[in-house]
Amino acid sequence: MNTRFPNKNYDLLVIGGGINGAAIANIAAAAGARVALVEKGDWAGGTSSKSTKLLHGGIRYLENFEFGLVAESLKERFIQWKSAPHLVKPMRFIVPVYRAQGRPFWMMKLGVWLYERLSGAYSLGPHAVLSKEEVERLAPGIKAEGLLGGVSYFDAQMDDARLCLENVLMAQKRGADVANYVEAVEFLKENGHAVGMRLRDTVSGGSFNVRADKIIVAAGPWSDIVRHTDMPAAQARLRPTKGVHIVCRIDGEVPADAFLLQNLRDKRIFFTIPFKGNVLIGTTDTDFKKAPENVRVEQSDVDYLLNEARANFPARGLTQDHIIAAFAGVRPLVYEPGSPSKVSRRHVIERNSSGVYYVMGGKYTTYRAIALECVALVLPRLARHVPATEDYMLYGSGLGNPDMKSIALRYAVEAQTINYLVSVYGSRFEDVLKLTQTDPSLKAAICTCSKAIRAQVVYALQTEMARTPADIFERRLELGYNNCLTKQCRQVIERMLLSGIIKHV
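These lines cover the structure that appears in this document, whether it is placed above or below. (Residues numbered from 1 in each chain as written. Predicted model: local features only at pLDDT ≥ 70, side-chain atom pairs only at ≥ 80, totals over all residues. Heavy atoms only, no water.)

1. Thoughts on a nonpolar patch on the surface
Okay, so step 1: Taken together, the side chains of W106, L110 and W113 define a hydrophobic patch exposed on the protein surface, amounting to about 370 Å² of accessible area.
Okay, so step 2: Summarising the element assignment, L110 is placed in helix α3 (residues 105-119).
Okay, so step 3: Relative accessible area serves as the criterion here: at 45%, L110 is assigned to the partly exposed category. (Patch = residues over 30% accessible without salt bridge, like charges linked within 9 Å, V, L, I, M, F, W, Y side chains within 5 Å. Areas by Shrake-Rupley, 256 points an atom, 1.4 Å probe, with all protein chains shown as cover. Salt bridge = Lys/Arg side-chain N within 4 Å of Asp/Glu carboxyl O. Helix = DSSP H or I, 4+ residues; strand = E, 2+ residues; numbered from the N terminus. Buried < 20%, exposed > 50% of the residue type's maximum accessible area, 1.4 Å probe, protein only.)

In structure tokens form, the structure reads like this:
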């Protein structure tokens, strides 16, 4: 018997702790299923922490006439904002329009009008048509030659790693047994039917079996690899593409708005987005044929993004020296021919001959809808027990209106620290502060580059299942995206773990 998985037969075993697997486990547990969820690395350690950090309807999908996908995404974007306002923030996007370059002005005007119409009651804000002068005022340093004006619309920025983690924590709160750093090794079969998995704890090296009535594989770009352990001759179903982003400091004030820009050569779009006091630039979209864990940021990816950013904002003078961080992820798109950027973000759910279900494709914004469809298909007897849309809850949902001033006095911390903790943990922020009552030294800042405090390291270990310094630095606190002058953030976390801070767990 493994201590993280009691010796019982589960209704559902979910393989993969990215956003789809986390949400499936959350919703299935909410419906009353006995759920086990495993992830071979850290929660959101793959593609689910390497996104553009947006929940969006996908305005560019309008060109492909994917109106249904856009409308569904706009609704899901709104639901996530209401469920987790500490992690999801509405943001205005501006699209500059140039004479004889890229998409014509009439198309952009029609696009933002249609985008807002499709959002209906789920709108985050009105669209607008902007004059050349308005665009130049809102976008200091933008290329002025040939600029006609622009349009604006609203989408939402989100914390992808923590949104995934909150689904995992909520699943656990609802009774699911969850474990990261546990790898699915092989299917257990009886009469050709999969009845469980042989699992391996990648930290201890120990192996054990977990049995389940139903198995869902939501392994993102690893899905084909898992399929081949079950059916070695199965044809690949995915078309993995690589997406690279860079985070840059900029000289001068960071614009409050995001910008959707057009590649002046091939009409591909990319974004520049305000992010943690810096600017996130992305993304590339190229076919990727290697193992997903081998995805890397290449210099050619960086050059592409910098060149396009410089072409659109020549006065900013961005260089390699402005880059704070760069990251790459692999999109698990369902195969179809054509340009990578034109491949649909629709998902499919397939059941193979051994009874295993595979979730492939999709986009981050629609993860809840994908999970609902999965649970209804795989566990139809529980479908009616799934929480209603307006009741969708994550671990930090339901903040209300706490008296921040009295809380700051109670714990003897600055109001800015309280506000920062709320932005990370939502209604769970006081759980972090309670740790400082037994050890006041945990109120100390981790570094000068953010408001993060040492109690968050203990909380990450104690509650959020962090196992390594990278889990905390990169995903629980996302300190790697800050423009840190001392470069001490990760070192402080490593020293805390080495000095025995783990005794708090």
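2. Some words on helix α2 (residues 67-83)
Each full turn of the α-helix corresponds to 3.6 residues, which orients residues three or four apart in the same direction.
Okay, so step 1: Compared with the 24 Å implied by 1.5 Å per residue over 17 residues, the 24 Å span of α2 between its first and last C-alpha is a close match.
Okay, so step 2: Every buried residue of α2 is accounted for by L69, V70, S73, L74, E76, R77, F78, I79, Q80 and S83.
Okay, so step 3: Buried residues along α2 sit against β3 (54-55), β4 (88-98), α3, β6 (147-158), α5 (160-173) and α8 (367-378). (Expected span 1.5 Å × (residues − 1). Contact = heavy atoms within 4.5 Å.)

3. Here's the deal with the packing of aromatic side chains
Okay, so step 1: If you walk through the whole model with that rule in mind, you get 13 aromatic pairs.
Okay, so step 2: Where F93 meets F271, the ring centres are 5.9 Å apart and the plane angle is 80°; that geometry is what we call edge-to-face. Taken together, the residues span a long stretch of sequence, with F93 in strand β4 and F271 in strand β13 (residues 269-275) at a distance of 178 residues. Per residue, the accessibility class of F93 equals that of F271, and both read buried.
Okay, so step 3: Look at Y364 and Y367: their rings are 6.1 Å apart centre to centre, the planes differ by 85°, and that puts the pair in the edge-to-face class. (Phe/Tyr/Trp six-rings, centres within 6.5 Å; stacked < 30°, edge-to-face > 60°.)

4. Description of the pairing of strand β11 (residues 238-248)
Okay, so step 1: For β11, a buried count of ten out of eleven residues is recorded, marking the element as mostly surrounded by other parts of the structure.
Okay, so step 2: Relative to strand β16 (residues 323-334), β11 runs antiparallel, the two sharing eleven bridges. In the sheet register, R239 faces β16, and the bridge partner there is L333.
Okay, so step 3: Both β11 and strand β15 (residues 286-287) contribute to a ladder of two bridges, which runs antiparallel. By the bridge assignment, K242 is partnered in β15 with T286.
Okay, so step 4: Across four bridges, β11 lies against strand β14 (residues 278-282) in antiparallel orientation. Its bridge partner lying in β14, C248 is registered against V279. (Pairing = 2+ DSSP bridges.)

5. Looking at helix α14 (residues 489-498)
Okay, so step 1: If you check which residues of α14 are buried, you get C489, V492, I493, M496 and L497. Across the axial projection of α14, the buried residues extend over an arc of 135°, all falling on one side.
Okay, so step 2: On the buried face of α14, the contacting elements are α12 (455-462) and α13 (469-476). (Arc of directions from axis to C-beta.)

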